[in-house]
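An overview of the molecular structure
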Amino acid sequence: MSVMVCLVPANTVGYPNGGGHFWEYLNWALALREVGCRVIWLEGVDLDDKDTSMARRRRWRGRDVRECVATLKARLEAYGFKETLALYSMNGETIPGDVAQGCLNLDAAVSADLLLNLWHSTPAPVVQRFRRSAFVDTDPGLLQVWMTTGDIRVASHDIYFTIGETVGTSAARFPDCGIRWHYTPSPVALSAWPPASAEPAAPYTTVTPWWGGTFEFQGVTFSNDKGEAFLQYAELPSRTSAKLELAVCFGKHLDEWRARLAPLGWQVREAWDVSATPEQYQAYIQQSRGEFSCVKPYCPQFVNSWTSNRTVCYLASGKPAVVQHTGPSRFPEAEGLFRFRSMDEVVRALAAVESDYERHCRLARKLAEEYFDGCQVVTRILERALK
């Protein structure tokens, strides 16, 4: 397939400690390459130290931009994308030569046949320079709320995709923003995520944020706080023989939360100790027995029916996943992937997996191959987006 695709991730350059964050977009890039596409990885940078806006602080969090670019270049090179990184200036200033060295520029990027944009804040003037553009929503429900309230202004694209199965349907309890959304599964590059065995005593794990605060929509306050969801299942270790471990970005609060959760039977790790690089993140997943994870409380309230790229990586690795239910789904239930709504349901799910573990490992991989195969996912997107 002689197609050039410019892939826009959600600020991987500004988050060098996010191994899982990087993999969400690397799966797209690897799959595109496997179907024969040439890939450009486009990132925005802003080096104006006088800019004290909240947007810039969130992008960089005090990190040195030059070091971040160097780290991203090295990571892309490790996966065979040495000359794919393109940079554009977020604030219109010229990018210094020492930062841009070895990188493509925006003029080179816009020669692509398609802009595949996975970042809701890509500036409109950048999007408009491409001959054809496709947007992919990876925060179903929350993004549509932000768009409705005006907190986020997504640039106009030729076609819109979402990983939420209910987005734009009557099942969703949030607006569609007047956009026709096309569902796409979150892809995984199966060749990069082979089945992997784990030690019998390995725990069920997940890598997750903990805090997210709240937001208001149409007079109702919703929680974006993952920790709140996990605490509803705080007593789970006492209800199952399976070992459970959480890898969370606790930072300076690690000892506090370990002291709180360890007596209940949870193993607690600092996420940046086990998943700061792409290699660490992959190893952590593949050394796990499976995944146990909750979702942000607004997800089941909104009925956004989404499956995270993290969960898809567990499945591809032959790891059964037990995750919180977020709405109706086209994927098979209780066959390598279990969705729970209550404590009793998660206890039964873990027991079912443990009673026939090897079978559920095979079913998990089969599920990834049938529904989340990156080559199939990107092929369908290209067919629709390049009509």
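Scroll up a little and you will see the structure.
Let me sum up the structure you'll find in this document.

1. Some remarks on the overall build of the protein chain
Helices and strands together make up the secondary structure of the protein chain, namely 16 helices and 17 strands. Relative to its length of 387 residues, the protein chain is compact, with a C-alpha radius of gyration of 21 Å against a globular reference of 21 Å. Once the C-alpha set of the protein chain is aligned to its principal axes, its extents read approximately 60 × 45 × 45 Å. A buried classification covers 57% of the 387 residues belonging to the protein chain. Surface exposure of the protein chain reaches about 16,400 Å², of which carbon and sulfur atoms provide 47%. The average position of the 41 basic charges and that of the 44 acidic charges among the side chains of the protein chain differ by 2 Å.

2. A look at empty space enclosed by the protein
Under the criterion given, the structure shown has two cavities of 30 Å³ or more. Taken as a whole, the largest cavity holds about 50 Å³ of empty space. Thr12, Val13, Tyr15, Pro16, Gly18, Phe22, Cys68, Thr71, Leu72 and Arg75 are the residues that line the largest cavity. When residues of the lining of the largest cavity are assigned to their parent elements, the largest contribution, four residues, is made by helix α3 (residues 65–78). Its residues assigned to classes, the lining of the largest cavity comprises six nonpolar, three polar and one charged. Quantified by volume, the second largest cavity comes out at close to 40 Å³. Forming the walls of the second largest cavity are Leu118, Trp119, His120, Phe135, Val136, Asp137, Thr138, Asp139 and Leu143. It is strand β6 (residues 133–137) that provides the largest number of residues to the lining of the second largest cavity, a total of three residues. Among the residues forming the lining of the second largest cavity, the class breakdown is five nonpolar, two polar and two charged.

3. Regarding the sheet that holds strand β14 (residues 267–270)
Pairing within the open sheet is parallel, and its three strands lie in the order β10-β13-β14. Looking at strand neighbours, the two that pair on one side only are β10 (207–208) and β14, the edges of this open sheet. Pairing between β10 and strand β13 (residues 245–248): two bridges, direction parallel. Its bridge partner lying in β13, threonine 208 is registered against valine 248. Along the sheet, helix α9 (residues 254–261) contacts β13 and β14; its crossing angle with β14, the most-contacted strand, is approximately 170°.

4. Here we look at the pairing of strand β17 (residues 337–340)
Here β17 shows a buried face lined by Leu337 and Arg339 and a second buried face lined by Phe338 and Phe340. By the bridge criterion, four bridges tie strand β16 (residues 321–324) to β17 in an arrangement that is parallel. What sits directly across from valine 322, in β17, is phenylalanine 338.

5. Concerning the packing of helix α1 (residues 19–34) against helix α16 (residues 374–385)
Relative to each other, α1 and α16 sit at 80°, their axes nearing to 8 Å. Viewed along their axes, α1 and α16 adopt a mutual orientation that is roughly perpendicular. Each of Trp28, Ala31, Leu32 and Glu34 in α1 lies in contact with α16, whose residues at this interface are Gly374, Cys375, Val377, Val378, Ile381 and Leu382. Looking at the contact of α1 with α16, its residues break down into eight nonpolar, one polar and one charged.

6. Observations regarding the pattern of salt bridges
Tallied over the full model, the rule gives twelve salt bridges. Ionic pairing is found between aspartate 344 and arginine 239, a salt bridge with its closest N-O pair at 2.9 Å. Here aspartate 344 is found in helix α14 (residues 343–355), whereas its partner arginine 239 is found in the loop between α8 (226–231) and β13, with 105 residues between them in sequence. Since its relative accessible area comes to 41%, arginine 239 is described here as partly exposed. Here glutamate 333 makes a salt bridge to arginine 339, at a shortest N to O gap of 3.0 Å. Residue glutamate 333 is classed as partly exposed on the basis of its relative accessible area of 39%.

7. Comments concerning unusual backbone geometry
The phi dihedral of serine 305 is positive, around 45°, even though this residue is not glycine. Examined against the element boundaries, serine 305 turns out to sit in the loop between α12 (298–302) and α13 (309–316). Of note, the phi angle at alanine 334 is positive, near 60°, even though the residue is not glycine. Within the secondary structure layout, alanine 334 lies in the loop between β16 and β17.

8. A short note on the packing of aromatic side chains
Per the counting criterion, the structure on display carries 25 aromatic pairs. Both rings, one in phenylalanine 331 and one in tyrosine 371, keep their centres 5.2 Å apart while their planes meet at 75°; by these two values the pair is edge-to-face. With a gap of 40 residues between them, phenylalanine 331 in the loop between β16 and β17 and tyrosine 371 in helix α15 (residues 357–371) connect regions that are remote in the sequence. Note on phenylalanine 331: relative accessible area 4%, which makes it buried. Grouping aromatic residues by their ring pairs yields a cluster made of Trp210, Trp211, Phe230, Tyr233, Phe250, Trp257, Trp266, Phe292 and Phe340. Geometry around phenylalanine 81 places arginine 33 over its ring, the cationic atom sitting 4.2 Å from the centre. The ring centre of tyrosine 357 lies 3.7 Å from the NZ or CZ of arginine 289, which sits over that ring.

9. Comments concerning α13
Residues lying three or four places apart along an α-helix face the same way, a consequence of the helix completing one turn every 3.6 residues. Of all the eight residues making up α13, eight are buried; the element is thus mostly covered by neighbouring parts of the structure. Of the residues making up α13, those classed as buried are Asn309, Arg310, Thr311, Val312, Cys313, Tyr314, Leu315 and Ala316.

What counts and what doesn't
- Residues numbered from 1 in each chain as written.
- Predicted model: local features only at pLDDT ≥ 70, side-chain atom pairs only at ≥ 80, totals over all residues.
- Heavy atoms only, no water.
- Helix = DSSP H or I, 4+ residues; strand = E, 2+ residues; numbered from the N terminus.
- Rg over C-alpha atoms; globule rule 2.2 N^0.38 Å.
- Buried < 20%, exposed > 50% of the residue type's maximum accessible area, 1.4 Å probe, protein only.
- Areas by Shrake-Rupley, 256 points an atom, 1.4 Å probe, with all protein chains shown as cover.
- Lys, Arg positive; Asp, Glu negative; His and termini not counted.
- Charge placed at Lys NZ, Arg CZ, Asp CG, Glu CD.
- 1 Å grid on protein atoms, 1.4 Å probe; cavity = no way out; pocket = protein on both sides within 12 Å on 5 of 7 lines; lining within 4 Å.
- Points joined across faces, edges and corners; volume = space filled by probe spheres on them.
- Nonpolar A, V, L, I, M, F, W, Y, C, P; charged D, E, K, R; others polar.
- Pairing = 2+ DSSP bridges.
- Contact = heavy atoms within 4.5 Å.
- Axes fitted to C-alpha atoms, helices over the stretch in contact; angles between N-to-C directions.
- Parallel < 35°, antiparallel > 145°, perpendicular 65-115°, else oblique.
- Salt bridge = Lys/Arg side-chain N within 4 Å of Asp/Glu carboxyl O.
- Phe/Tyr/Trp six-rings, centres within 6.5 Å; stacked < 30°, edge-to-face > 60°.
- Lys NZ or Arg CZ within 6 Å of the ring centre and 35° of its normal.

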